[in-house]
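Coordinate analysis (summary)
Chain by chain, the residues run as shown.
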Amino acid sequence: ETEHGPRGGDELNLIRRGRDYGWPFVTLGEPYGTTDYVMPRRTGTHAGYTKPKAAWVPSVATSELVQVPASWAGWTTSVGGDLLMGTLKDQSFWRIRVDRAGRVTERERLAVGHRIRDVDVRADGSVAATTDDGTSTAGPRAAAGGAGTLTSGLAATRNGRSRPAAQRTDAQ
């Protein structure tokens, strides 16, 4: 699951029964101010609690998280799997590779240029996303040629015109 942290500290957690993830006592983010309704006791740490699998500081403002379909050759691996996370503030998808032990081994940012609210995997394995401004966004698809290779990239459609909107960045 993903969660927003205050002023950074957005997290990806693998929820396990009986674990304590620290909220609202610890966060990797910073409090908004002295009038916050929740004031973490310690910031910038998860000491004494289950640590997140990944965190984003500064905040990307996580939204929907989906598992990448196995049909995406080069993305899902036999070792673990890939997740696709939408973001609001960062206006991107994040591809997150996870190994069998639940460790994040790679993160890749795919810029979209729109605030992603919801992500859905369709029956044909394609991904659709809804945005704050009503733009429909088609998700990334991988080619058989290798991990992270984008065939058609991301396309954002607005006013009946399609434009490329993906940027690959180095794993973060």
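Residues numbered from 1 in each chain as written. Predicted model: local features only at pLDDT ≥ 70, side-chain atom pairs only at ≥ 80, totals over all residues. Heavy atoms only, no water.

**Examining the sheet that holds strand β8 (residues 92-98)**
The strand order across the open sheet formed by four strands is β6-β7-β8-β9, and the pairing between neighbours is antiparallel. Every interior strand has two partners, whereas the edge strands, β6 (62-67) and β9 (104-111), have only one. The average angle at which neighbouring strand axes cross in this sheet is 20 degrees, direction not considered. Direction of pairing for strand β7 (residues 81-87) relative to β8: antiparallel, over a ladder of six bridges. Among the inter-strand pairings, glycine 81 is bridged to a residue of β8, identified as valine 98. (Pairing = 2+ DSSP bridges. Helix = DSSP H or I, 4+ residues; strand = E, 2+ residues; numbered from the N terminus. Axes fitted to C-alpha atoms, helices over the stretch in contact; angles between N-to-C directions.)

**Considering the sheet that holds strand β1 (residues 2-3)**
What the three strands build is an open sheet, ordered β1-β2-β5; its pairing is antiparallel. Edge positions in the sheet fall to β1 and β5 (54-56), since each of these pairs with one other strand and no more.

**Here's the deal with the pairing of strand β10 (residues 116-121)**
Relative to strand β11 (residues 127-131), β10 runs antiparallel, the two being bridged by five bridges. Each residue of the ladder has a partner; that of aspartate 120, found in β11, is alanine 128. From the end of β10 to the start of β11, which pair antiparallel, there are five residues, and glycine 125 there has a positive phi angle of about 90 degrees.

**Some points on the nonpolar core**
With 10 residues, the main nonpolar core is built from Val66, Val68, Leu84, Phe93, Leu110, Val112, Ile116, Val119, Val127 and Ala129. If you list the elements that add at least two residues to this core, you get β10 and β11. Membership of the second largest hydrophobic core comes to nine residues, among which are Trp56, Val60, Met85 and Ile96. (Core = buried A, V, L, I, M, F, W, Y, C linked by side-chain atoms within 4.5 Å. Buried < 20%, exposed > 50% of the residue type's maximum accessible area, 1.4 Å probe, protein only.)

Honestly, that's just the spatial picture; any functional story needs more than this.
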